[in-house]
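A look at the structure
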Amino acid sequence: MLRAKWRGFTLIELLVVVAIIALLISILLPSLSRARELSKRVVCSSNARAIGNACKIYAAEPWNQDQWPTPTFPRLNYGTDPNIIYASVDPNVLEDEEQHSPRRYEPSDVDTDTLSPTRAFWMLIRSGETVPKTYICPSSGDTVDDTEEIDRYYDFTRLGTVSYGYQVPFGPVDTRPSEDVDTRMGLIADKGPHAGGDSGLVPDDGSFEINTAPREWQRFNSSNHGGRGAGEGQNVFFADGHVDFEQTPIVGVDHDNIYTVMGDMSAGGDTTLARISGFAPGAGGGNAGPDPYPGEGVFGPDAKDRATTDALIWP
């Protein structure tokens, strides 16, 4: 009986096999990469929900009277003062611990001209409701705040250790995060495009509207999911307790942009520092925005009952 002679692969056959494998990898890699991003998006959604639920638990405590975490701040007339700016948005000082350190200590030591909404998140960390890791979106590239003496400080080390923004709690009472706001309002979301110090955050050329394709809105989305100028969207926690991934930032009441303030800002004002001017209706140009402005008439037709539901997620 003759034994069959084994013949190995030729060089050409090996090259064909390698080419086929390379082709399959090139086809599968984008799908795998997309699957990884979608899984990260789910984790991000879970984080936003955990933070929002922690805020609701905080509000449920009898002594908090349905109010979400609100950091201590000087009770000035923010609706008419154009000089108040929010901390942690200047790209030139984002990594400068010396310039940020005052924000971390006693509220009385904070410069009264700067306010930091992320202090509200740190309140939840101090109370044990959340941990620093909760505030990191896995798609963002941010790093977990490694502060060990949690109770000693009142804010995050720097902007790169928090991936989410909070509805500004320093403006009109009707817009401060609480259980009493319009349930359609977004109160927590992936931090906005201004977190990177970008200017031109407001589409003020008249070409943007509710029906504009989501792709055209990408540079006005959070950079957490897709990168700066190419954001695919943002996870938003709404006042009624649900989280959605939204492809555009115009998901507030009456198609309100959750990352901009109405009035001067919606008219293309200075968005780099997010000046307060125009935040409150009837003050500092507050009625210069859309007509009707977001949420007008929610609590009745009388002027004294008018309330704004304007969103400003910051940073």
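Residues numbered from 1 in each chain as written. Predicted model: local features only at pLDDT ≥ 70, side-chain atom pairs only at ≥ 80, totals over all residues. Heavy atoms only, no water.

**Some points on the overall build of the protein chain**
For the protein chain, the helix and strand inventory stands at three helices and seven strands. Sequence-ordered secondary structure for the protein chain, helices as α and strands as β, is α-β-α-β-α-β-β-β-β-β. Counting all 315 residues of the protein chain, 47% fall into the buried class. For the protein chain, long-range pairs separated by at least 24 residues make up 67% of all intrachain contacts whose partners lie at least 6 apart in sequence. Entry remark: accessible area of the protein chain is about 15800 Å², with carbon and sulfur atoms responsible for 54%. (Helix = DSSP H or I, 4+ residues; strand = E, 2+ residues; numbered from the N terminus. Buried < 20%, exposed > 50% of the residue type's maximum accessible area, 1.4 Å probe, protein only. Contact = heavy atoms within 4.5 Å. Areas by Shrake-Rupley, 256 points an atom, 1.4 Å probe, with all protein chains shown as cover.)

**Focus: the environment of Pro-249**
The residue Pro-249 is located in the loop between β6 (243-246) and β7 (313-314) in this model. Each C-alpha atom, one on Pro-249 and one on Val-236, is 9.3 Å from the other, the two residues being 13 residues apart in sequence. Residues contacting Pro-249, with those up to four places away along its chain left out, are Trp-217, Phe-220, Asn-221, Gln-234, Asp-256, Asn-257, Ile-258 and Tyr-259.

**Observations concerning the pairing of strand β5 (residues 234-238)**
In the case of a regular strand, side chains alternate between the two sheet surfaces. With five of its five residues buried, β5 lies for the most part within the structure. Neither face of β5 is left uncovered, since the one carrying Gln-234, Val-236 and Phe-238 and the one carrying Asn-235 and Phe-237 both have all their residues buried. By the bridge criterion, three bridges tie strand β4 (residues 186-190) to β5 in an arrangement that is antiparallel. Directly across from Gly-186, in β5, lies its bridge partner Phe-238. Sheet analysis places β5 next to β6, joined by four bridges and oriented antiparallel. Bridging from a neighbouring strand, Val-236 pairs with Asp-244 of β6. Turn length for the β5-β6 hairpin, with the two strands adjacent in sequence and antiparallel, is four residues, and the turn residue Gly-241 shows positive phi of about 105°. (Pairing = 2+ DSSP bridges.)

**Some details on unusual backbone geometry**
Backbone geometry follows two general trends: most residues other than glycine have a negative phi, and most peptide bonds adopt the trans configuration. Note that the residue after Trp-314, namely Pro-315, is joined by a cis bond; omega there is 0°. With respect to the helices and strands, the residue Pro-315 is situated in the segment after β7. Although it is not a glycine, Gln-65 sits at a positive phi angle of roughly 50°. Judged by relative accessible area, Gln-65 falls into the exposed class, the value being 61%. The backbone of His-255 shows a phi angle near 60°, a positive value even though the residue is not glycine. By secondary structure assignment, the location of His-255 is in the loop between β6 and β7. Accessibility expressed as a relative area gives 52% for His-255, which makes it exposed.

**A few points about the pairing of β4**
Most of β4 sits out of view: five of its five residues are buried. Across three bridges, the pairing between strand β3 (residues 164-167) and β4 is antiparallel. The residue bridging Gly-165 from the neighbouring strand is Ala-189, located in β4.

**A few points about the side chain of Thr-130**
With respect to the helices, strands and loops of the structure, Thr-130 is situated in the loop between α3 (119-127) and β3. Exposure remark for Thr-130: the relative accessible area of 7% places this residue in the buried category. Not counting the four nearest positions on each side in its chain, Thr-130 is found in contact with Ala-54, Phe-121, Leu-124, Ile-125 and Tyr-135.

**Remarks on α3**
Listing the buried residues of α3 in full gives Arg-119, Ala-120, Phe-121, Trp-122, Leu-124 and Ile-125. Positive phi appears at Gly-128, one or two residues downstream of α3, with a value of about 85°.

**Quick notes on the pattern of salt bridges**
Summed over the entire model, instances satisfying the criterion amount to six salt bridges. The partner of Glu-37 in a salt bridge is Arg-41, and the shortest N-O contact between them spans 3.6 Å. One end of the pair, Glu-37, and the other, Arg-41, are both in helix α1 (residues 11-60), four residues apart, so they sit about a helical turn from each other. Grouping residues by exposure puts Glu-37 and Arg-41 together as buried. Beyond isolated ion pairs, a larger network of salt bridges with shared partners links Glu-37, Arg-41 and Glu-232. (Salt bridge = Lys/Arg side-chain N within 4 Å of Asp/Glu carboxyl O.)

**Topic: the confidence of the model for the protein chain**
Residue-level pLDDT values for the protein chain average 74, and 64% of them are 70 or greater. Mean pLDDT across the secondary structure elements of the protein chain bottoms out at helix α2 (residues 97-104), with 47, and peaks at β5, with 98. Within the model, pLDDT remains below 50 along residues 77-85, and this stretch shows 28 contacts once partners closer than five positions in the same chain are excluded. Between residues 263-291, whose pLDDT stays under 50, and residues either more than four places distant or in other chains, the model counts 81 contacts. (pLDDT = per-residue confidence, 0-100.)

**Some points on the nonpolar core**
If you look at the biggest cluster of nonpolar residues, it comprises 30 residues, and the most contacted ones within it are Trp-68, Phe-121, Tyr-135, Tyr-164 and Ile-188. At the level of elements, α1, α3, β3 and β4 are the ones that each hand at least two residues to this core. No other element matches the six residues that α1 contributes to this core. Residues in contact with Phe-121, not counting those within four places in the same chain, are Ile-51, Thr-130, Tyr-135, Phe-156, Val-162, Tyr-164, Gly-165, Tyr-166 and Ile-188. (Core = buried A, V, L, I, M, F, W, Y, C linked by side-chain atoms within 4.5 Å.)

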